[in-house]
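Summary of the model geometry
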Amino acid sequence: MTELLRSRTSLIWFLLVAATVFSWEVGHGVGLHDARHAGTAIIVIAFVKVRFVILDFMEIRHAPMPMRIVGEAWVLIVCTVLIGLFLTAHS
Amino acid sequence: MPGEEGVWVFIFGDMMVFSLFFITFLYYRGQNVELFVTSQTHLNQSFGALNTFFMLTSSWFVAMAVQAARRNLGKFTPILFSLAFGCGFGFAVVKVLEYSEKIRAGITLTTNDFFMYYYIFTGIHFMHVLIGMGVLAVLTRYSWSGEFSAVKIRNLESGASFWHVVDLLWIVLFALLYLIK
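Thresholds applied
- Residues numbered from 1 in each chain as written.
- Chains lettered and ligands numbered in written order.
- Predicted model: local features only at pLDDT ≥ 70, side-chain atom pairs only at ≥ 80, totals over all residues.
- Heavy atoms only, no water.
- Salt bridge = Lys/Arg side-chain N within 4 Å of Asp/Glu carboxyl O.
- Buried < 20%, exposed > 50% of the residue type's maximum accessible area, 1.4 Å probe, protein only.
- Helix = DSSP H or I, 4+ residues; strand = E, 2+ residues; numbered from the N terminus.
- Polar contact = N/O pair within 3.5 Å; in protein donor to acceptor, adjacent residues only side chain to side chain.
- Contact = heavy atoms within 4.5 Å.
- Expected span 1.5 Å × (residues − 1).
- Patch = residues over 30% accessible without salt bridge, like charges linked within 9 Å, V, L, I, M, F, W, Y side chains within 5 Å.
- Areas by Shrake-Rupley, 256 points an atom, 1.4 Å probe, with all protein chains shown as cover.
- Buried area = accessible area lost by both parts, 1.4 Å probe.
- Nonpolar A, V, L, I, M, F, W, Y, C, P; charged D, E, K, R; others polar.

Once that is clear, we can look at the pattern of salt bridges. Pairing between side chains becomes possible if they bear opposite charge and their charged atoms approach one another. Residue and element names in this part refer to chain A. Applying the stated criterion across every chain yields a total of 10 salt bridges over all chains. Asp56 is paired through a salt bridge with Arg61; the nearest N and O atoms lie 3.0 Å apart. Among the residues examined, Asp56 registers a relative accessible area of 10% and is labelled buried.

In structure tokens:
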């Protein structure tokens with residue numbers, strides 16, 4: 001069990017929780033005062049978290065290459081489209 | 001490949017549907033940013049953050065449960081699955097509290113566009129959580145013996161992957177509904 005707790009999975013969980021706290025702070029105006037910068041940062045952080053869930057919790061990191069490409073492409077495309085829509089609304 | 005191919009096809013379909021939800025939300029938000037930002041101030045952000053913690057932690061337990069099965073760590077697998085179920089239950093309790101708080105304040109599906117999307121998207125996600133809790137309960141029972149064949153591990157991986165999707169969809173919903181201004 002100690003071996004499991006010390007695994008990469010636990011480190012990823014810790015980073016995901018830390019990233020959530022950081023997003024929360026940014027969402028409450030800490031650091032980035034411009035809503036466009038803060039919103040973009042929040043969306044990017046969310047998709048970095050999603051990427052870790054896909055690669056490490058769902059174990060796509062070691063899955064066949066086509067699956068990994070689909071996973072990575074989904075993250076990249078959806079994240080880019082959402083940032084585009086968000087920034088368009090604020091322009 | 002972890003788990004069954006059919007489960008991955010379902011997961012991909014689900015992720016595509018939610019991608020459309022995310023895009024729809026930001027598109028209509030763009031039509032009336034002020035209304036969406038003002039409405040967002042009525043959300044209880046602590047509930048949202050607490051539920052994110054529940055989701056991330058349950059996913060961590062599920063990932064460890066699968067790893068424990070591969071290492072043949074006996075009862076650790078069902079224990080970790082039941083801990084994940086506990087986090088799912090925590091999420092459900094918080095969600096019910098959150099919905100009741102809104103309804104008591106007179107905020108419903110028809111209040112405005114923001115709350116219509118809020119109720120529909122979090123509601124569909126909540127259905128996923130409830131189905132996922134059913135899956136976790138089955139996995140706990142299925143792994144109870146603490147003995148794991150290759151087929152059993154494959155089935156555990158399939159159920160686990162579904163739960164991780166429930167987690168990742170919430171991560172995006174939390175950012176879009178609760179955090180961006």
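Along the chain, the position of Thr57 of chain B falls in helix α3 (residues 45–70). Classification of Thr57 of chain B by relative accessible area gives buried; the value is 7%. Within the local environment of Thr57 of chain B, its side chain forms a polar contact with the side chain of Trp13 of chain A, the two groups lying 3.1 Å apart. Not counting residues up to four positions away in its chain, the partners in contact with Thr57 of chain B are Trp13 of chain A together with Cys87 of chain B.

Right, let's talk about helix α6 (residues 150–179) of chain B for a bit. Taking 1.5 Å of rise per residue, the 30 residues of α6 of chain B would be expected to cover 44 Å, and the 42 Å separating its terminal C-alpha atoms lies within 8% of that figure. Judged by how many residues are buried, α6 of chain B sits mostly within the fold: 26 of 30 residues are covered.

Let us look at a nonpolar patch on the surface. On the surface, a nonpolar cluster with roughly 350 Å² of combined accessible area is contributed by Phe85, Phe89, Val93 and Leu97 of chain B. Position of Phe89 of chain B among the secondary structure elements: in helix α4 (residues 76–104).

This part takes up unusual backbone geometry. Across the chain, the bulk of peptide bonds are trans and the bulk of non-glycine residues have phi less than zero. Positioned with a positive phi, Glu59 of chain A is a non-glycine residue whose angle comes to about 60°. Tracing the chain through its elements places Glu59 of chain A in the loop between α3 (35–57) and α4 (65–90). Phi is positive for Asn72 of chain B, close to 55°, though the residue is something other than glycine.

Attention now goes to the interface of chain B and chain A. Across the contact, 46 residues belong to chain B and 41 residues belong to chain A. With both sides pooled, the region where chain B packs onto chain A buries about 3800 Å², and carbon together with sulfur makes up 80% of that total. Looking at the side of chain B facing chain A, the largest losses of area belong to Leu56, Trp60 and Leu179 of chain B, adding up to 15% of the total buried there. Counting every contact that joins chain B to chain A gives one salt bridge. For Glu59 of chain A, the salt bridge identified is with Arg70 of chain B, shortest N-O distance 2.6 Å. Taken together, the connections running from chain B to chain A amount to nine residue pairs in polar contact (both at pLDDT 80 or more). Looking at the side of chain B that touches chain A, the elements with two or more residues in it are α1 (5–31), α3, α4 and α6 of chain B. Sort the elements by how many residues they give to the side of chain B that touches chain A and α3 of chain B lands first, with 14 residues. In terms of residue class, the side of chain B that touches chain A is made up of 31 nonpolar, 10 polar and five charged.

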